Structures are given as structure tokens and as C-alpha cells.
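Chain and residue survey
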Amino acid sequence: MSELTPPTPPPVDPRPEPAAGPAVGRDEWVAREGERRAARHPWIGTAEARLRLVPWWAWLALFVAAGALMPAFESSGYVRLVAFETVIYMVLALGLNLIVGWAGLLDLGYIAYFGVGSYVYAIFDSSKFGYHVPTIILIPAATIIGALVGLCVGLPSRRLSGDYLAIMTLFFLELFETVATNGNQIFGHDITGGSFGISGVSPLSFLGHRLAVQHQGIFAVSYYYVAIVMFVIIFVALRFTNLSRTGRAWRSLREDTLAAEVMGMPVNWLKLLSFATGAGVAAFAGTVTTALNASVYPLNFSPVVMITIYAMVILGGIGSQWGAVLGAILISVLLQVLQNPGQARALFYLGVIVGVIAMFRFSLRLAAVVAATAVFGVVVHAVAASYHHSWVDGAHGGVAGVLGHWVVVPVQLAPWVGQVAYLLLLIGMLCVTQLRGWLRIIALPPTLYLAGFVWENLMIPNPGPARYIILGLLLIVLMIVRPNGLLGERRVEIT
Amino acid sequence: MQFFIQLTLDGLTIGSVYALVALGYTLIYGVLKLLNFAHGDVFMVGSFIGYGVLQALGGASNPMVPVWLLLLLVTGAAMIGCSVLGVVIERFAYRPLRDAPRIAPLISALGVSFFLANSMQLLFGAQQFNYASYNLSGGALYFRGFDLDGVHVPLLRIITIGAAFVLMVILWFLVNHTRTGKAMRATSFDREAASMLGIDIDHVIVFTFVLGSALAGAAGVMFALRVPTFAAVGFTTGLKGFTAAVIGGIGSIPGAMVGGILLGCAESYTAGYWTTAWSDLVVFTILILFMIFRPRGLFGRVDIRKV
């Protein structure tokens, strides 16, 4: 008997067992919500619980009030215009969130519906063709036309799964651009004005009163309020839709299309409905934007804009309305900040400092990295300066103060230096993600210095590509580090 | 008739480029079930690498090495450079997302595409880069060749189409007659089962990316030998390459070739008999027709969905 080995204990599950409650799936996750909250800091947990009691319409009212008061404190026309664009982005992000986040369809042609709304408005209310349809009729009409176009794109796509749908809709976007660019020669008729677009679009008119685009030479704030009203309408309408039967059906479609179909849901119809609704929202946003810009060009609806909107929805959190709003604000502000050299510089160094602190916390290693980076920079700067003073003299233009003695900014950067530095920076960044321990600490200072060099010499002088490089990187990193975005609901995988 | 032959020749040339791009899509889609949006941009980077090597070797008007070696070196460098790029992309942008929901790697691929296109624009500007291949050895690549029913067939066209064909045959051999190829097919059929049978999935996926990206690099050089290249070219070409892959049937190697050639010819005939402006419309119409009537393409197999 003694030869018998004692039975090995079952492998210990590293996760603590739930004290009680249902065993599997979402229920378990829900049941452990209080536990998780308590695990955080008691204050944060309590605050979270309290804040959760505030109804969504109160948050919306607060948010809108803050937004509506903004022009009272900010008289700059530029800032107001950016605020207007941000609100438009918020509406677009809400519409995209419906298609991607709720119904789970990857629609890469979304921005084309925005274009449809814009073009419909421009064609039927501009001096180019001489039609002047009243705004009160034209905006709903454009929205409905946009929705119908969405329906038409959805029709052949409804049987397709994720990837095919993506490519199909992306092609639709390309097609829309083609039609818009060549629309001045459709059977001899000029419909879209070709690549020069349509200019001379009339501003919005309500009850016979034209809403001037400019007031005393700067952006008229009335358009900002129109956009806010639009945002509130869309937000509330989508909120109720999401809470409705259709909204629940969409989410079930996203989680498992096959299961939804088996449960008797009209899957195709639901897909078409989500396409059409999202498209209508985008077209709605397009009308107001076009009325403000007084013109419309095919280039306004390029894939670049579309990926920007995607970045907003994903950063905020796919499937969350507030996430879409937050993402739109952050990305819109980010794109503006990156265009201004001074702000872009500040943002970069702030980002690097926060990133390094997040990586090491406040520790000896942090101090080592910071000191090594500083010394590394000073040494490189001294070497470059002793070689020839033109290598470091470019710093007077933009970088003032301490930074000018640290980062090398040549008067005239040879193209190959920039290219090699960029390539080395990429390699350095990839290495830093792979290395661990001391190797990482050794690799970090040169990488940080290279990042500073590339930022000062390449990114700041070329804000156009630089901001989209940042956006592309953001998408990749977000998908890997936090696919649910800032406010997104964590997907619960049912085992 | 002469016009028709001319157009067919054009279509075959551009079609073989599309076919090579489509092969990369098909391979990667087959193994990873991932629509690699960045593939078109890998193609673009390939054409840039080719341009760099061409300039390093003295440019088209005064090359240091004989023309045949020059073409070989340029293509080889682009293929190797793109393979490295493909492996890096897979390692850093797709591998961490292998078990994530389907939408995550798609978005990541969009990000990579965006990143590559704008990086190239940052480093090299938005201008066009011309290989100036008509300067190669005094224009011999254009003047030589043979006549077909009164239409001159330049040597460069023959080289392009021939090289594409040779690459496809090599690929077909690699996939169908080697151990790694067998592992690739097994992975494509059922990844989980393949890994249970001892196939190193990571190895297979890296190999797939090497193959697909190398083909994209070669396609990039072939494309740029014909027309100048620029940073934004990857997006549209990638889209057309994917359309070719869908027409031929995703996952099928002969399908990708046929799809590419069909697409190239369709575009060329549209441009010749109608107008260049609407060639995208024709491509889109073909895609829609296939999606509606034959979603699995010409040579694709029916996917049985298991629940």
C-alpha cells in the first residue's frame, strides 16, 4: 500500500474562484463586478459607483452645456472652427460606431456617405447649377439619399463576411472618388464639377433667413451651434436605438451572426438597416459641413479621412457612444496640435516623459535612463559641433533654450541622414519592445535620442505625413495594447 | 486588330503585376485568414528599394553592370528587402493579435498601411520616381523584341511577363512539392489541427510572409519599370491585387494568376476602347458581379462553415 503514490493534487487555477454565483460566461463576469471594483482603490471604487448613478442624459446635458459655453470664453475664430470640425467628427464617429461597434460590420466606405450628403447639398443649393432647395427640405432629403446609398452598398454586401465586406466597401469609396472626380463628363453632363468640385454653395437657411458663414471676418459661431444641435439629435436618437429591440439585435449580430440567425433574427435586414442608418448619419453631417465650407471637393473624402474616423472610434472604444465622442475630441485636437511646431514639440517631449515614467515607474532605473539619455545627447551634440558648426546651428530657428544644446539640428539636413536616422529609430523602437531588463535600459537612451532627432528634423518640418504616421502607429499599438480603447466595454469571451 | 493586340499586351503586362500582388494576398489570406491591407504598401516599398539600388548602381543611363545583371540585382534587392519588411510586419503588428477578434488584425493592417505610405512620403516626398528604363543600354529593351501582326513587342514586356510567370511557377512548386509547402497547405486548411500534428505554425506563417512579400517586391520593380512610382501607389494597386485574388478565388494560386491577368486586360480594354477615367468603375463592377454570383471566385473551393 505504501508504494502507491498519493494522488497528485489537481492543478491550481491561478484565478481566484468566484465566491458564489453562476459559473460560466458573462454572468460570472457580471457577478464579480463588485469584487473587481473593491480591488481598486476604495475611493475610486466608491466614486465609480456614485458616478454610475448619474443618468446618461445628465452627462449629455453637462457636456453640451460645457460645449455651448465654449465660444463665450474663446473668441479666436480658429479655435471655434476647430471646435466645429470636432463636433462634426463626433457625429461621424457616432455613425461609424453604429456600423462597426454595434452591428460589427467593417465598413471601410463610410466616408463616401459623408461625401454623398455633401454632394447632394452642394448640387441642390449652389450658384453653380442654380437650384436652391430650402435647407429644411434639403437636409432630410440628403440624409435619406445617403441612407439609400448605404442600402445599395449593403445589398450586394449583405451575404459577405468581414473581410470581403471590408474590401467591397473600400472599393465603393474608391468608386465614389472616381465618380466625383470624373463627374463633369457623365454623358456630356456636368454633375459633380470634376476634380475642381463645386464651389459657391449657399449657406444654411432657416425660415428664409440665410445663416452667414462668416461674422465680422471670422467663423460664424452659429454654425457651431447648428453642429451641436445635430450632435444632440444624433446622440439621443442612436442612444434610444441602441436600447431598443433593434439595438439588441445588432449586438447579437456582432457577437455571433450564426447564432442570431438560428434564433430567427432577420440577419440580412438588420445588416442593411445598420448600413443605412450609419450612412444617413454621415450624410447628415456632410450637409452642414458643406454649407459651412461653401464648397466640396473629391479629395475631402479620401481614405485618409476614413482612417482618421476609424482611429477616433477605436481610440475611444468600439461600441461605446461616449468613447466615440472622446476619441473624436482627442484625435481632432491631436491633429491640430501636430500642425503647430511649438505645440507638437511640447506634446512629443511630454509624451516621451510620460511613456518612460509609465515604463519604469519612479525607480533607480528611471533615473539611470534619463541621465544616460541626457549625457548621450550632450556627447553627440558636442561631437557634431566639433565636427562642423553648421551641424548644430539649425537649432536657432525652432528649438530654443536647453533643447538646442541637446538635440542635433543641422542647418541643412542631408536627405540620407534623415532616412538613416528614421530607419534606425524604427529598429531601435522594435528592439526596445523585445528586449528585457538591462538590455532594454541600454537600448533606450540612443532610441530616445534618435526619436528626438527625427522629431525635430523630420516630423516637425513635415506635419502632413507626420500626423498620419502617428495615427497609423496609434492604431497598431492600440490594437495590441488595449483593443477595447479608452471607454470600450471589455469583450467577455464565453468559454 | 493591331489596336487589340496592343491593348492585350498592355493588359498582360499590368495583369502580371496584379497577379503577383494577388498571390501575396492569397497566400497570406490562406494561412492567416487575414486581409493584409499593408500588402500594397509592401509592394510600394519594393518599387522604392528597386529605385534606390538602380541609382546606387549608376542609374539607368550609365549602369555599372550589364543590363541583365542590373535587372536581376534590382529585383533581387527589392524581393529581399520586402521579405524582411514582411517578416517584421508579421512579427510586430500581426503576431500579437493572432488570437484576437477578427477585426483587430484588420485594423492593425490598416494602421501598418497608413504608417508605411506616410513614412515613405516623409522620407522621400510625394514626387514620382522614374526608373527611366528606356535609357537602359540605349533603349535596347524597347527597340529589341519581335513583331506580332505589325505590333512591336518590346523586350521589356517579354521580360516582365516571363519573369512573373517564372515566379509563379516557382511559387507553385514551393507550395505543392516541398515539405514547407505541404505544411503551409495544412495550416491553411486547419491551423489548430496542423499545430497538433507538430507543424510549427509560427515558422509556416513567417515563411508565407517571406514568399508573399518577396513577390510583392518583384511586382513593385516590374510596375516601376513601366510607369513611375510614388508613395501613394500602394493603396490602389493593393486593392486591385486583392480584387484579382477574389476573382480567382481566395487561396488558389492559379486563380490569382488568372484573376490578375483578367483584371489587367479588363482595365486595358476599358482604357483603350472607352476612357481611362472609368477603369475603376469596370473593376468594381466585375468585383460586384463576382461577389453576387460567384463569391468563391473562379477556382476557389466552397467553404463549409462548421458550428
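These figures come from a predicted structure and were not determined experimentally.

Along the backbone of chain B there are 12 helices and 2 strands. Each helix and strand of chain B, ordered N terminal to C terminal, gives the series α-α-α-α-α-β-β-α-α-α-α-α-α-α. In terms of overall dimensions, chain B is globule-like: its C-alpha atoms have a radius of gyration of 19 Å, near the 19 Å expected for 307 residues. Long-range pairs, those at least 24 residues apart, make up 77% of the contacts in chain B with a sequence separation of at least 6.

Attention now goes to the overall build of chain A. For chain A, the helix and strand inventory stands at 19 helices and 6 strands. Burial status across chain A gives 40% buried among its 495 residues. Contacts spanning at least 24 positions in sequence make up 72% of the contacts within chain A whose residues lie at least 6 apart.

Turning to the interface of chain B and chain A, a few remarks are in order. In this complex, chain B contributes 38 residues to the contact, which on the side of chain A involves 40 residues. Per-element accounting of the side of chain B that touches chain A gives the leading share, 15 residues, to helix α4 (residues 103–124) of chain B. Along the lines of polarity and charge, the residues of the side of chain B that touches chain A split into 31 nonpolar, 5 polar and 2 charged.

All names here are of chain B. Note that strand β1 (residues 145–148) and strand β2 (residues 151–154) share 4 bridges and pair antiparallel. Residue Gly145 lies in a different strand from β2, and its bridge partner there is Pro154. As consecutive antiparallel partners, β1 and β2 are separated by 2 residues, and within that stretch Asp149 has a phi angle of approximately 55°, a positive value.

Compared with an ideal rise of 1.5 Å per residue, which puts 20 residues at 28 Å, helix α15 (residues 341–360) of chain A spans 29 Å between its outermost C-alpha atoms and is within 8% of the ideal. Of the residues one or two after α15 of chain A, Arg361 of chain A is the one with positive phi, at around 55°.

On to helix α9 (residues 201–226) of chain B, then. Between its first and last C-alpha atoms α9 of chain B spans 38 Å; for 26 residues at 1.5 Å apiece the expected length is 38 Å, and the two agree. Among the 26 residues of α9 of chain B, 20 are classified as buried, and the element is accordingly described as predominantly covered.

With that settled, consider the nonpolar core. Core analysis: the biggest nonpolar cluster contains 230 residues, and Val91 and Ala93 of chain A together with Leu20 of chain B have the highest contact counts within it. Here Val91 of chain A is in contact with Met230, Phe231, Ile234, Val281 and Ala285 of chain A, once residues within four sequence places are set aside.

Let us now look at the confidence of the model for chain A. Put simply, chain A has an average pLDDT of 83, and 87% of its residues get 70 or more. Across residues 17–23 of chain A, where pLDDT falls below 50, the model places 9 contacts with residues more than four positions away in sequence or in other chains.

A few words on unusual backbone geometry. All names here are of chain A. The residue Ala294 is not glycine, and still its phi comes out positive at about 65°. As for its position among the elements, Ala294 is in the loop between α12 (267–293) and β6 (295–296). Given 17 C-beta atoms within 10 Å, Ala294 falls into the partly exposed group.

Residue and element names in this part refer to chain B. At their nearest, the axes of helix α2 (residues 39–56) and α9 sit 7 Å apart, and the two run at 55° to each other. On the basis of their axis angle, the class for α2 and α9 is oblique. In this structure, the crossing between α2 and α9 has a hand that is right-handed. Where α2 approaches α9, its residues His39, Val42, Phe43, Met44, Gly46, Ser47, Ile49, Gly50 and Tyr51 are matched on the opposing element by Gly212, Ser213, Ala216, Gly217, Ala219, Gly220, Val221, Phe223 and Ala224.

Moving on, we get to the confidence of the model for chain B. For chain B, per-residue confidence averages 88 on the pLDDT scale, and 98% of positions sit at 70 or higher. Predicted as a complex, the structure gets a pTM of 0.87 and an ipTM equal to 0.88.

This paragraph deals with the packing of helix α13 (residues 303–316) of chain A against helix α19 (residues 463–481) of chain A. Residues and elements named next belong to chain A. The contact between α13 and α19 brings their axes to 10 Å, and the two run at 40°. Comparing the axis directions of α13 and α19 gives the class oblique. When the axes of α13 and α19 are compared, the crossing they make is left-handed. Judged by residue contacts, Val304, Ile307, Thr308, Ala311, Ile314 and Leu315 of α13 engage Tyr468, Leu471, Leu474, Leu475 and Leu478 from α19.

A few words on the environment of Gln128 of chain B. All names here are of chain B. Secondary-structure assignment places Gln128 in the loop between α4 and α5 (140–143). By the C-beta count within 10 Å, which is 12 here, Gln128 ends up exposed. Every residue in contact with Gln128, bar those within four places of it in the chain, is listed here: Pro228, Thr229 and Phe230.

Next up on the list: the environment of Gly50 of chain B. Take Gly50 of chain B: it is sitting in helix α2. Excluding anything up to four places from it in sequence, Gly50 of chain B contacts Val74, Thr75, Ala77, Ala78, Gly220, Val221 and Ala224 of chain B.

Procedures and definitions
Residues numbered from 1 in each chain as written. Chains lettered and ligands numbered in written order. Predicted model: local features only at pLDDT ≥ 70, side-chain atom pairs only at ≥ 80, totals over all residues. Helix = DSSP H or I, 4+ residues; strand = E, 2+ residues; numbered from the N terminus. Rg over C-alpha atoms; globule rule 2.2 N^0.38 Å. Contact = placed C-beta atoms within 7 Å. Buried ≥ 20, exposed ≤ 12 C-beta atoms within 10 Å, placed from the backbone. Nonpolar A, V, L, I, M, F, W, Y, C, P; charged D, E, K, R; others polar. Pairing = 2+ DSSP bridges. Expected span 1.5 Å × (residues − 1). Core = buried A, V, L, I, M, F, W, Y, C linked by C-beta atoms within 7 Å. pLDDT = per-residue confidence, 0-100. Axes fitted to C-alpha atoms, helices over the stretch in contact; angles between N-to-C directions. Parallel < 35°, antiparallel > 145°, perpendicular 65-115°, else oblique. Left-handed = near helix turned anticlockwise from the far one by under 90°.

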